[in-house]
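# Structural overview
Chain residues, written in single-letter form:
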Amino acid sequence: MATSRLGDKHVQTLSLNEILGDKADTGLKIRNRLDLVELGAKGLTKDQFLNLAKFLGLSVSQLAELVPVSERTIARHKPDETFGRNVSEHLLQIAEMIAWGMQVFESREKLLGWLNFPSQALAGKTPMSLLASRFGTEMVKEELCRIEHGVYA
């Protein structure tokens, strides 16, 4: 199963702190997936949301479409105010997939190109469009696993 491939090795190559733009704001160094559980419970901040959007080249509204939060709610949040567990965990799942994708594609541009190009292996959908669902995000992770191992559908 692809999620077993997302062990500690994948979390540490490109720091999730780099993707989220966190400069120790959380007080939690992400070393493994248990740290992700804790951070999900603590909640990600609006600033971290905005940094993820920037990393992905998405507007606030585009990233808001991928997670269970409205653009209006995001606008009302203060920069250091945290989102609830559901939103935070979904954002972390996307960020973790991005960290792995950076390892597989070795460049942000190649990863973003792949995320935005329809994939036959994903029923002609773009990987980016599937990130709106946790099941879809798992499918994208599984596809990254196949690419990493040279197995193309």
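In what follows, the structure referred to is the one given above.
To keep things clear, this report deals only with the structure shown in the data block. (Residues numbered from 1 in each chain as written. Predicted model: local features only at pLDDT ≥ 70, side-chain atom pairs only at ≥ 80, totals over all residues. Heavy atoms only, no water.)

## Looking at helix α5 (residues 46–56)
What counts is decided by this rule: For every residue, the accessible area (1.4 Å probe, protein chains only) is compared with the maximum for its type, and the residue is labelled buried under 20%, exposed over 50%, or partly exposed between those bounds. Numbered from the N terminus, helices here are DSSP runs of H or I no shorter than four residues, and strands are runs of E no shorter than two. Residues count as neighbours in contact if any of their non-hydrogen atoms are within 4.5 Å of one another.
Turning to α5, its buried residues are Lys46, Gln48, Phe49, Leu52, Ala53, Phe55 and Leu56. The elements touched by buried residues of α5 are α3 (16–20), α6 (60–64), α7 (71–76), α8 (85–105), α9 (108–115) and α10 (127–130). The positive-phi residue at the C-terminal boundary of α5 is glycine 57, with phi of around 70°.

## Describing the environment of leucine 130
Its place among the elements puts leucine 130 in helix α10. For the pair leucine 130 and leucine 115, spaced 15 residues apart in the sequence, the C-alpha separation amounts to 9.4 Å. Apart from residues lying up to four places away in sequence, leucine 130 is in contact with Leu122, Lys125, Gly136, Thr137, Met139 and Val140.

## Quick word on the nonpolar core
Rules: Residue types Ala, Val, Leu, Ile, Met, Phe, Trp, Tyr and Cys, when buried and joined through side-chain atoms within 4.5 Å, form a set referred to as a nonpolar core.
With 44 residues, the main nonpolar core has Phe49, Leu52, Leu56, Leu63, Ile98 and Leu115 as its most contacted residues. At the level of elements, α3, α4 (33–42), α5, α6, α8, α9, α10 and α11 (134–148) are the ones that each hand at least two residues to this core. The element that contributes the greatest number of residues to this core is α8, accounting for twelve residues.

## Focus on the layout of surface pockets
What counts here: Cavity and pocket criteria rest on a 1 Å grid covering protein atoms alone: a 1.4 Å probe that fits but cannot get out defines a cavity, protein on both sides within 12 Å along at least 5 of 7 lines defines an open pocket, and an atom within 4 Å of a point defines a lining residue. Grid points are joined across faces, edges and corners, and a volume is the space filled by probe spheres set on the points. Charged residues are taken to be Asp, Glu, Lys and Arg, nonpolar residues to be Ala, Val, Leu, Ile, Met, Phe, Trp, Tyr, Cys and Pro, and polar residues to be all remaining types, Gly included.
By volume, the largest pocket amounts to about 190 Å³. Around the largest pocket, the lining residues are Arg33, Leu36, Val37, Glu89, Leu92, Gln93, Glu96, Arg134 and Lys141. Secondary-structure elements contributing two or more residues to the lining of the largest pocket are α4, α8 and α11. Here the residues of the lining of the largest pocket are counted per class, giving three nonpolar, one polar and five charged.

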